[in-house]
Amino acid sequence: ATRRSDATAIPRRAGRRGVRTRGMAVRLGCMRGRLEGSASHNGWSAADRRHRQSGMLVRGPGPTLLQRCAGMVWAGRRASYTSRLPPPSAAKAVVIVESPTKATKIQRFLGEDYTVLASYGHVRDLPARNGSVDPDNDFALKWELTRNAGSRMADIEAALWGARHARGGGGGGGGASLVLATDPDREGEAISWHLAELLAARGAIGPLTRVSRVAFSEITKDAVLEAMAQPRELAVPLVHAYLARRVLDYLVGFQLSPVLWRRLPGARSAGRVQSVALRLVAEREAEVDAFKPTEYWSIDVELRAHEGSPPVLATLTHVDGKKLPEMAIRSADDAAALVARVEESEFKVKDVSSKVVSRSPPPPFTTSTMQQDASRWLGFGATRTMVTAQRLYEGAGGGEGLITYMRTDGLQLAPSAVASIRSTAERTFGADYIPPSPRVYKSRAKNAQEAHEAVRPTRPGLSPGQLGGRVDADGAQLYDLVWRRALACQMSNAAVEQVGVNFENADASLRLRATGSAVRFPGFLKVYDFSSRFRSSEDQQEDGSGSASAAAAAEALVALQPAQAVQVLRALPLQHTTRPPPRYSEASLIKALEELGIGRPSTYAAILSVLQARGYVLKEGRSLQCSPLGRVLSAFLVHYFSKYVDYGFTRDMEEQLDDVSGGRREWREVMLSFWGPFSKDINGMATISITDVFNVLDDVLGPHFFRAPLPTTGAAGGGDAGSDVGSVASCW
């Protein structure tokens, strides 16, 4: 008695082996309920009748044809079977979530009237082979159960039977309740839709079964109970947006990847957003390669107002009445001559300027900003951040969840959360650290999902120090970051005094300038100033944030008066070399993708993971370096499929997909507008030979792979490009 969907029903021989599986009890339990609860076995589903006629063992509310034929044997053995079966559940409703950790916690919140089960993510997907999407048949889709989904579906069906039995239906398809409580985003909506579709097709959802959708952004008892009191229907536009993205990614992957295998050996795959991200990294790598360093000098001067006063560091800014352009001093001799002029001169204070600047706190975390700050301050990669955030969301170490749902691009906070954050900040730091009214943030992203809260602690009053051993080291660091950011976003502005002093010599031919700053009121910096906590000593030295004397130097500048004479202690010529543009880190690449409107919060970590797993991008420390294979692949795509790796095109496609999720466009219409031109471009590659491809790559990447001039290879267009010495093909 094996439970399978219509498309995956198995013959009797396999079914007999299936009886001995771990799920035997629940599978037989469904049949027992029908045999004991109804004298006449009516109510067969259409799927049951089809499979009964084919002589295959399938699940169903009643016995199959084979079971009826073996009725006497079944009747004789029923007592021994049923004596070993667990009693039907007393729960009257079945709740489905994604993870078993969530299921365990929510079961405790809801009590015995509910059975909470986990789907373990998606239960079906498009199989990774050609033909899963048929563009010529109105984009018909062929779904397939994911690995181990069969046993999970069997458990869910058994729980639904138990719920019908508990409501007095005797398992006859009565009034059970099915609550789909998957994550509150597009993927969560899609999982709920898949579950509802599968259960309906398998006959587990009867005409009287009440199916509802609930969503909550935090795993706390109050949030779950509130969500259960406000059920809704499935959001069809979100499901359609999922279908559009899934079909689009499938079509790009399964149409473009074979072209790569035939024309570009070694390249494994290409993706709609993945390839655009690779282009960003490859173009930055090309900028680094093309960069030529330039030497220049600057002149720093140590000054002192009087004996015992702290020294002030100033920089030479004007010579002979003209402002020095950046990198104006190009030789050591010029620098030495200016040093001599400075040391021979006497300087006085020309003017002193001071102003207090108000610094506003940053908004609460979205997915991307959390990934960026976790990378910047904690050294976490995007995947590590999301895995850790998932554990915090589910309540690592037991108890309620510690943070809200971590896949969001919204900046709003629930009013109750704002009140709790302000109360915690006031209790911790004092009333001066709280503005008169709550701060309200709105996302600047055009297509932000404002219905989703920003990432915040579920209980702001739970400080990082109170976690104890409940979470691991990664969890403790990330929770500390989220907690501090949430408190900071509702705290007062910081007041920073910025001071600038200009010095001139007697004939006004030389001018020096010194600047400094001092925090007059820390405000939100009291809780969210990571410069001294996490930054390396090298970074602190670069911007002066780590200097213990910074405040003292600012005070020394403020104390200076116009026309006051100062003493030159020494002048220092400092040699500098221009640096190439920095390679992307995971944080800066995510920021660039977000600014370009490419990808969505839930996709960034997966994009970075795939690029590194395919060998297209190498991670050196925190820097992302494009590998030779990545450079070649990106050059190929930019030349032959430039439209589909164009930043503007990809951004426009994201906006069209967001229009689908907003119910403004039909998903098949978007797919049709993409598929027509794309399929023509794919078919056009049939006329392009490998030799043509290598010739293009030689032109684009030859200077990168071969620094010396390329040797002559004979007559133009002659010979095999694969045998050319000094060509991309020769090193392939």
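Scoring rules and cut-offs
- Residues numbered from 1 in each chain as written.
- Predicted model: local features only at pLDDT ≥ 70, side-chain atom pairs only at ≥ 80, totals over all residues.
- Heavy atoms only, no water.
- Helix = DSSP H or I, 4+ residues; strand = E, 2+ residues; numbered from the N terminus.
- Buried < 20%, exposed > 50% of the residue type's maximum accessible area, 1.4 Å probe, protein only.
- Contact = heavy atoms within 4.5 Å.
- Areas by Shrake-Rupley, 256 points an atom, 1.4 Å probe, with all protein chains shown as cover.
- Axes fitted to C-alpha atoms, helices over the stretch in contact; angles between N-to-C directions.
- Left-handed = near helix turned anticlockwise from the far one by under 90°.
- Nonpolar A, V, L, I, M, F, W, Y, C, P; charged D, E, K, R; others polar.
- Pairing = 2+ DSSP bridges.
- Salt bridge = Lys/Arg side-chain N within 4 Å of Asp/Glu carboxyl O.
- Expected span 1.5 Å × (residues − 1).
- Core = buried A, V, L, I, M, F, W, Y, C linked by side-chain atoms within 4.5 Å.
- pLDDT = per-residue confidence, 0-100.
- Parallel < 35°, antiparallel > 145°, perpendicular 65-115°, else oblique.
- Polar contact = N/O pair within 3.5 Å; in protein donor to acceptor, adjacent residues only side chain to side chain.
- Right-handed = clockwise from strand over helix to strand, strands pointing away.
- Phe/Tyr/Trp six-rings, centres within 6.5 Å; stacked < 30°, edge-to-face > 60°.

**Student:** Hey, could you run me through the overall build of the protein chain in this one?
**Tutor:** If you tally the helices and strands in the protein chain, you get 24 helices and 17 strands. When each of the 732 residues of the protein chain is scored for burial, the buried share is 49%. For the protein chain, the proportion of contacts with a sequence separation of at least 24, taken over those separated by at least 6, is 74%. When the accessible surface of the protein chain is totalled, it reaches about 34200 Å², and 51% of it is carbon and sulfur.

**Student:** Would you mind showing me how to read the packing of helix α10 (residues 236–263) against helix α21 (residues 628–640) here?
**Tutor:** Relative orientation and spacing of two packed helices are given, respectively, by the angle between their axes and the distance between those axes. Here α10 crosses α21 at 115°, and the two axes come no closer than 12 Å. Here the hand of the crossing between α10 and α21 comes out right-handed. Residues Leu256, Val259, Leu260 and Arg263 of α10 lie in contact with α21, whose contacting residues are Leu633, Phe636 and Leu637. Looking at the contact of α10 with α21 residue by residue, the class counts come to 6 nonpolar, no polar and 1 charged.

**Student:** Help me understand the sheet that holds strand β8 (residues 210–213), please; the structure alone is not making it clear to me.
**Tutor:** Pairing within the open sheet is parallel, and its 4 strands lie in the order β2-β1-β7-β8. Both outer strands of the open sheet, β2 (114–118) and β8, are each paired with one neighbouring strand and no more. Averaged over all pairs of adjacent strands, the angle between their axes in this sheet comes to 20°, without regard to strand direction. As paired elements, strand β7 (residues 177–180) and β8 share 4 bridges and run parallel to each other. From the neighbouring strand, Leu180 faces β8, where its bridge partner is Arg213.

**Student:** For this particular structure, what's the right way to read the pattern of salt bridges?
**Tutor:** Pairs may arise between side chains of opposite charge once their charged atoms sit close together. For the coordinates displayed, the defined rule picks out 34 salt bridges. Arg668 serves as the salt-bridge partner of Asp138, at 3.5 Å between the closest nitrogen and oxygen. You can see Asp138 sitting in the loop between β4 (133–134) and β5 (140–141) and its partner Arg668 sitting in helix α23 (residues 667–684), a full 530 residues away along the chain. You can call Arg668 partly exposed: its relative accessible area is 29%. In this structure, Asp289 engages Arg631 in a salt bridge whose closest nitrogen and oxygen atoms are separated by 3.0 Å. Taken together, the residues Asp289 in helix α11 (residues 274–290) and Arg631 in helix α21 connect sequence positions 342 residues apart. The class for Asp289 is partly exposed, based on a relative accessible area of 26%. We classify Arg631 as buried; its relative accessible area is 7%. Among the charged side chains, a salt-bridge network with shared partners connects Arg245, Asp249, Arg272, Arg600, Glu654 and Asp658.

**Student:** Explain α21 to me, please; I cannot follow it from the model alone.
**Tutor:** An α-helical segment advances 3.6 residues per turn. Residues three or four places apart therefore align on the same side. If you check α21, its first and last C-alpha atoms are 18 Å apart, about what 13 residues at 1.5 Å a residue would give, namely 18 Å. Here α21 has its buried residues at Gly630, Arg631, Val632, Leu633, Ser634, Ala635, Phe636, Leu637 and Tyr640.

**Student:** Would you mind showing me how to read the nonpolar core here?
**Tutor:** Note that soluble globular proteins tend to have their nonpolar side chains buried in a common cluster. Of all hydrophobic cores here, the largest spans 131 residues; its most connected members are Phe636 and Phe641. Ranked by residue count, the leading element in this core is α10, at 13 residues. Among all residues touching Phe641, those that are not within four sequence positions of it are Leu256, Val259, Phe636, Asp681, Ile682 and Met685. Counting residues in each nonpolar core, the second largest holds 27 residues, with Val312, Val319, Val339 and Ala556 among its members.

**Student:** Looking at this structure, I do not really get the confidence of the model for the protein chain. What am I missing?
**Tutor:** The predicted coordinates ought not to be read in detail in places where the model reports low pLDDT. Across the protein chain, the average pLDDT comes to 82, with 78% of residues at or above 70. Segment residues 534–548 is flagged for pLDDT under 50; beyond a separation of four residues in sequence, or across chains, it makes 14 contacts in the model. Note that residues 710–725 has pLDDT below 50 and, in this model, 15 contacts with residues that lie over four places away or in other chains.

**Student:** Even after reading the chapter, I still don't get unusual backbone geometry, so can you show me in this structure?
**Tutor:** Peptide bonds are, in most cases, trans, and in most cases residues other than glycine have a negative phi. The phi torsion at Asp138 lies on the positive side, around 60°, for a residue other than glycine. Phi is positive for Met327, which is not a glycine, with a value near 60°. Along the chain, Met327 falls in the loop between β11 (322–323) and α12 (332–344).

**Student:** I would appreciate a short explanation of the packing of helix α8 (residues 186–201) against α10 in the present structure.
**Tutor:** Interaxial distance between α8 and α10 falls to 8 Å at its minimum, and their mutual angle equals 100°. Put simply, α8 runs roughly perpendicular to α10. Contact residues: α8 offers Arg186, Glu187, Glu189, Ala190, Trp193 and His194, while α10 offers Leu238, Val239, Ala241, Tyr242, Leu243 and Arg245.

**Student:** What should I look at first to understand helix α22 (residues 647–661) in this one?
**Tutor:** Taking 1.5 Å of rise per residue, the 15 residues of α22 would be expected to cover 21 Å, and the 21 Å separating its terminal C-alpha atoms lies within 8% of that figure. Residues of α22 that are buried: Tyr647, Gly648, Thr650, Met653, Glu654, Gln656, Leu657, Asp658 and Val660. Contact partners of the buried residues in α22: α10, α11, α19 (586–596) and α23. If you check the start of α22, you find a side-chain oxygen 3.0 Å away from the backbone N of Gly648, and it comes from Asp646. The positive-phi residue at the C-terminal boundary of α22 is Gly663, with phi of around 80°.

**Student:** What's the story with the pairing of β7 in this structure? I'm lost.
**Tutor:** Side chains Ser177 and Val179 project from β7 onto one buried face, and the interleaved Leu178 and Leu180 project onto a second face that is buried too. As defined by bridge partners, strand β1 (residues 93–97) adjoins β7 across 4 bridges and the pair is classed as parallel. Bridge pairing in β7 links Val95 to Val179. For the crossover that starts at β7, traverses α8 and ends in the parallel β8, the hand is right-handed.

**Student:** Where do I start with the packing of aromatic side chains in this structure?
**Tutor:** To describe a pair of aromatic rings, one takes the distance between the centres and the angle between the planes. Taken as a whole and judged by the stated rule, the model has 13 aromatic pairs. Taking 6.2 Å as the distance between ring centres and 70° as the angle between the ring planes, the aromatic pair formed by Trp143 and Trp193 counts as edge-to-face. With Trp143 in the loop between β5 and β6 (144–145) and Trp193 in helix α8, the pair connects residues that are 50 residues apart, well separated along the chain. Judged by relative accessible area, which is 21%, Trp143 ranks as partly exposed. Residue Trp193 is classed as buried on the basis of its relative accessible area of 18%.

**Student:** How do you make sense of the environment of Val566 when you look at a structure like this?
**Tutor:** Its place among the elements puts Val566 in strand β15 (residues 565–577). Considered as a pair, Val566 and Leu303 are 263 residues apart in the sequence and their alpha carbons are 6.3 Å apart. Residue contacts for Val566: discarding those within four places in its chain leaves Leu303, Arg304, Ala305, Phe347, Val349 and Phe503.

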